[in-house]
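Working through the structure, step by step
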Amino acid sequence: MEEGLSSSLLKEKSQVHGGGSSGGEGGSASATSAVVLSTFVAVCGSYVFGSAIGYSSPAQSGITNDLGLSVAEYSLFGSILTIGAMIGAIMSGKIADYIGRRGTMGFSDIVCIIGWVIIVFSKAAWWLDLGRLLVGYGMGFLSYAVPVYIAEITPKNLRGGFTTVHQLMICIGVSMTYLIGAFLNWRILALIGTIPCLVQLIGLCFIPESPRWLAKTGKGIESEAALQRLRGADADISEEAAEIREYTETLERLSEDGILELFQRKYARSLIVGVGLMVLQQFGGVNGIAFYASSIFISAGFSGSIGMIAMVVIQIPMTLLGVLLMDKSGRRPLLLVSAAGTCLGCLLAALSFLFQDLQQWIKATPFLALVGVLVYTGSFSLGMGGIPWVIMSEVFPINMKGSAGSLVTLVSWLGSWIISFTFNFLMKWSSTGTFFAFSAICGLTVLFVAKLVPETKGRTLEEIQASMNPFS
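Residues numbered from 1 in each chain as written. Predicted model: local features only at pLDDT ≥ 70, side-chain atom pairs only at ≥ 80, totals over all residues. Heavy atoms only, no water.

Right, let's talk about the overall build of the chain for a bit. A tally of helices and strands in the chain yields 20 helices and zero strands. Here the chain holds 472 residues, and 59% of them are scored as buried. Of the contacts made within the chain by residues no fewer than 6 positions apart, 84% connect residues no fewer than 24 positions apart. A total accessible area of about 17800 Å² is found for the chain, and carbon and sulfur atoms account for 70% of it. (Helix = DSSP H or I, 4+ residues; strand = E, 2+ residues; numbered from the N terminus. Buried < 20%, exposed > 50% of the residue type's maximum accessible area, 1.4 Å probe, protein only. Contact = heavy atoms within 4.5 Å. Areas by Shrake-Rupley, 256 points an atom, 1.4 Å probe, with all protein chains shown as cover.)

In structure tokens form, the structure reads like this:
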């Protein structure tokens, strides 16, 4: 039965590409207003994510001056966000499977609001840390639930672009917090952080639950109603609904696997691809550069504020370009170009610090550092920022998605914490060596993508999972 499902889904794929479709997921389904609204509400959580990441940089001087924090105390405040996110990540997959994708996002919003309010009224360092920890805890849930929800509601020909809007909104959240924080007090900036939480919390009342999650929990009628609402009243959803139903029914005959069952041969490729991309994404240095960009520019002899504005100018257009290209060029080409660009950017930054150490081309080295960081930022925004999350939401079968999502998200946040915590120590050891190491890891990412990452563009989730994880 399990082998039959795998072969039937692959056969169905060839039939879909060979013939016409009545407008369900088998063909080129359009973006209905329900899909657009649902995606917008979901990515409000991505904005929450971005605003939390971007908060620590503009708030640093105000908090340290008002509350008298030492560098070590503020470093704890900055990095404790990722510790909270790791705790949330451990629980995210199972909670999302238990209360649904919408319920998980709503729970995350409430936790984040509490965290932001605690920061607003903080009078001591430990209150700041508690608030930041809670915001991170909510982020851990959002980093899993948002891309999975979007992947499960969108037609296959639009799924990549829509899922990458998650990364675009993170980028916008970071950038807007940088800009707003330049003019506002840190307490007001924290209060503003509650606004996207409230927008999403209200918006969740007006969007459907994931049809695939509803089918998995035995709510077949509700699943088809949600799917019809998402595809449009006149759309023929019979093919897509039947495929979801058949796949889910087969998975129900299998056990609900726990996290230890992930480490089986049949899930090996999904696990290697999902975890591998997250490890390489984080250890390529992204959070070290994002968290401490201003200090990087200053240590290179360039203006920190001008460098930060240049990063904002580059980030948003490049992330938007990645969204537009996602379902045209495919995942693999974008990943390859993006990883190669991050490798080049780190190499240029490393050379800048090397020439500075050698007292060569002193006037040119600050601009070389700027170019390196901007090339890195633009390239990362193009693909490596969002595509690993898209692929994570696509490659695991639904009976493993909860456990796998928790593991992959945990790995991502653990890597984020390691890099954000050690970056200043690494830069003190050797700025040149730090960026050469990041460049080498980004180069390794190119090879990893070329050899192991599948192309998932234009395929249903069931087809992807049947080809990668045969039930045998």
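Glancing now at the nonpolar core. Counting 110 residues, the largest nonpolar core has Y55, I63 and F435 as its most contacted members. Apart from the residues lying within four places of it in its own chain, the contact partners of F435 are I289, I296, C346, A349, A350, F353, F423 and M427. (Core = buried A, V, L, I, M, F, W, Y, C linked by side-chain atoms within 4.5 Å.)

Residues of helix α7 (residues 194-203) that are buried include every one of T194, P196, C197, Q200 and G203, and no others. Looking at the buried side of α7, the elements it contacts are α2 (33-67), α3 (71-120), α4 (125-153) and α6 (186-192).

This part covers the side chain of Q282. With respect to the helices and strands, Q282 occurs in helix α11 (residues 268-283). On the basis of relative accessibility, which here comes to 6%, the residue Q282 falls in the buried class.

Next up on the list: the packing of aromatic side chains. The tally for this structure, following the rule as stated, stands at 13 aromatic pairs. When the centroid spacing of 5.4 Å and the interplanar angle of 85° are considered together, the rings of F107 and F141 count as edge-to-face. Note that F107 is positioned in helix α3 and F141 in helix α4, a separation of 34 residues in sequence. Plain terms: the ring middles of F353 and F435 are 5.8 Å apart, the flat faces sit at 20° to each other, and that makes the pair stacked. With F353 in helix α15 (residues 331-357) and F435 in helix α19 (residues 431-452), this residue pair connects regions lying 82 residues apart in the sequence. By relative accessible area, which is 2% here, F353 ends up buried. Residue classification places F435 among the buried residues on the basis of a relative accessible area of 1%. Among the aromatic residues, ring-to-ring pairing joins F353, F423, F435 and F438 into one connected group. Over the ring of F77 we find R132; its NZ or CZ atom is 5.1 Å from the centre of that ring. (Phe/Tyr/Trp six-rings, centres within 6.5 Å; stacked < 30°, edge-to-face > 60°. Lys NZ or Arg CZ within 6 Å of the ring centre and 35° of its normal.)

We now examine the packing of α11 against helix α17 (residues 387-395). The contact between α11 and α17 brings their axes to 10 Å, and the two run at 160°. Here α17 runs roughly antiparallel to α11, going by the angle between their axes. The chirality of how α11 crosses α17 is left-handed. On α17, the residues touching S270, V273, L277, M278 and Q281 of α11 are P388, W389, I391, M392 and V395. Residue composition of the contact of α11 with α17, grouped by class: eight nonpolar, two polar and no charged. (Axes fitted to C-alpha atoms, helices over the stretch in contact; angles between N-to-C directions. Parallel < 35°, antiparallel > 145°, perpendicular 65-115°, else oblique. Left-handed = near helix turned anticlockwise from the far one by under 90°. Nonpolar A, V, L, I, M, F, W, Y, C, P; charged D, E, K, R; others polar.)

Time to look at the pattern of salt bridges. What the rule picks out here adds up to five salt bridges. A salt bridge links E224 to R245; the shortest N-O distance between them is 2.9 Å. Here the residue E224 occupies a position in helix α9 (residues 220-231), and R245 occupies one in helix α10 (residues 238-252), the gap between them amounting to 21 residues. Owing to a relative accessible area of 35%, E224 belongs among the partly exposed residues under this scheme. (Salt bridge = Lys/Arg side-chain N within 4 Å of Asp/Glu carboxyl O.)

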